[in-house]
Amino acid sequence: MLHCPECAFANAEGAKYCQKCGAFLGEPGEDDRESTASYRIDDVSGEFIPVDLDDMLEEEGALLVVRGSGRAGESFALNADRLTIGRGPESNIFLDDITVSRDHALLVRRHEHWFLDDLGSLNGTYVNRRRIDTQQLSDADELQIGKYKLTFLSR
């Protein structure tokens, strides 16, 4: 058995991600970006569309990839200067779970850098396991919004 460093769940030997929380189970420093398929959901058909992360990063400059929560691998291109994150259906990044506030957080580009701002959410917004009000993001930062863990990627 392989125990998750995040939640201590006992996973089967050889597992790369925790079945319970989605945490990466590899060795510290091991790059796990290549091991997860990424996709986006088509707005019209609702079908999964495979995404090449390198191509998307080249086009958009930054994106978020969901880990765990049954949506592992879903990606969101950061293709506007302001993107809302929340449980409200009008959110640019819609995270449908009671642990996410309707208007939870805001991703905003300021002077060539991306920032994550908490919008007074009940459960808080976290970057690299630290609760934040506002935080400049760097490549591979781990974001937590409600039960969702996301990875910020930038070129």
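Residues numbered from 1 in each chain as written. Predicted model: local features only at pLDDT ≥ 70, side-chain atom pairs only at ≥ 80, totals over all residues. Heavy atoms only, no water.

Draft legend 1. Just the sheet that holds strand E7 (residues 82-86), in detail. Taken in spatial order, the 5 strands make up an open sheet running E8-E7-E9-E10-E13, and their pairing is mixed. Strands with a single pairing partner mark the edges of an open sheet, and in this sheet they are strand E8 (93-94) and strand E13 (134-136). In terms of strand pairing, E7 meets E8 through 2 bridges, oriented parallel. Bridge pairing in E8 places Gly86 opposite Phe94. (Pairing = 2+ DSSP bridges. Helix = DSSP H or I, 4+ residues; strand = E, 2+ residues; numbered from the N terminus.)

Draft legend 2. Seen up close, the pairing of E7. Strand direction decides the pairing type here: E7 and strand E9 (residues 105-110), joined by 4 bridges, are antiparallel. Counted as the bridge partner of Leu83 is Leu107 from E9.

Draft legend 3. Examining the side chain of Asp141 more closely. With respect to the secondary-structure elements, Asp141 resides in the loop between E13 and strand E14 (142-145). A polar contact of 2.8 Å, which involves the side chain of Asp141, links it to the backbone nitrogen of Ser138. Once residues within four sequence positions are removed from consideration, Asp141 is found in contact with Val127, Asn128, Gln136, Leu150, Thr151 and Phe152. (Polar contact = N/O pair within 3.5 Å; in protein donor to acceptor, adjacent residues only side chain to side chain. Contact = heavy atoms within 4.5 Å.)

Draft legend 4. Representation of the environment of Ser121. As for its placement among the helices and strands, Ser121 is situated in the loop between strand E10 (113-118) and strand E11 (125-127). You can call Ser121 buried: its relative accessible area is 7%. Sequence-wise, Ser121 and Ala105 are 16 residues apart; in three dimensions their C-alpha atoms are separated by 7.4 Å. For Ser121, the side chain forms a polar contact with the side chain of His104, separated by 3.3 Å. (Buried < 20%, exposed > 50% of the residue type's maximum accessible area, 1.4 Å probe, protein only.)

Draft legend 5. View of the pattern of salt bridges. Under the criterion given, the structure shown has 4 salt bridges. Between Lys147 and Asp97 there is a salt bridge, with the nearest N and O atoms lying 3.5 Å from each other. Of this pair, Lys147 sits in the loop between E14 and strand E15 (148-154) while Asp97 is found in the loop between E8 and E9, placing the two residues 50 residues apart along the sequence. (Salt bridge = Lys/Arg side-chain N within 4 Å of Asp/Glu carboxyl O.)

Draft legend 6. Structural detail: the confidence of the model for the protein chain. Counting all residues, the mean pLDDT for the protein chain is 82, and 81% of those residues have values of 70 or more. Mean pLDDT across the elements of the protein chain bottoms out in helix H1 (residues 53-60) (66) and peaks in E13 (97). In the predicted structure, residues 31-35 sits below a pLDDT of 50 and forms 7 contacts with residues beyond four places in sequence or in another chain. (pLDDT = per-residue confidence, 0-100.)

Draft legend 7. Up close: the pairing of E10. Counting buried positions over the 6 residues of E10 gives 5, a clear majority of the element. The loop that links E9 with its antiparallel partner E10 comprises 2 residues; one of these, His111, has a positive phi angle of about 50°. Pairing of E10 with E13 involves 3 bridges; the strand directions are antiparallel. Each bridged residue has a counterpart across the sheet, and for Phe115 the counterpart in E13 is Gln136.

Draft legend 8. Layout of the packing of aromatic side chains. Within the structure shown, the criterion is met by 0 aromatic pairs. One cation-aromatic arrangement involves Arg110 over Phe115; the distance from NZ or CZ to the ring centre is 5.0 Å. The ring of Tyr148 has Lys147 sitting right over it, with the charged end atom 5.8 Å from the ring centre. (Phe/Tyr/Trp six-rings, centres within 6.5 Å; stacked < 30°, edge-to-face > 60°. Lys NZ or Arg CZ within 6 Å of the ring centre and 35° of its normal.)

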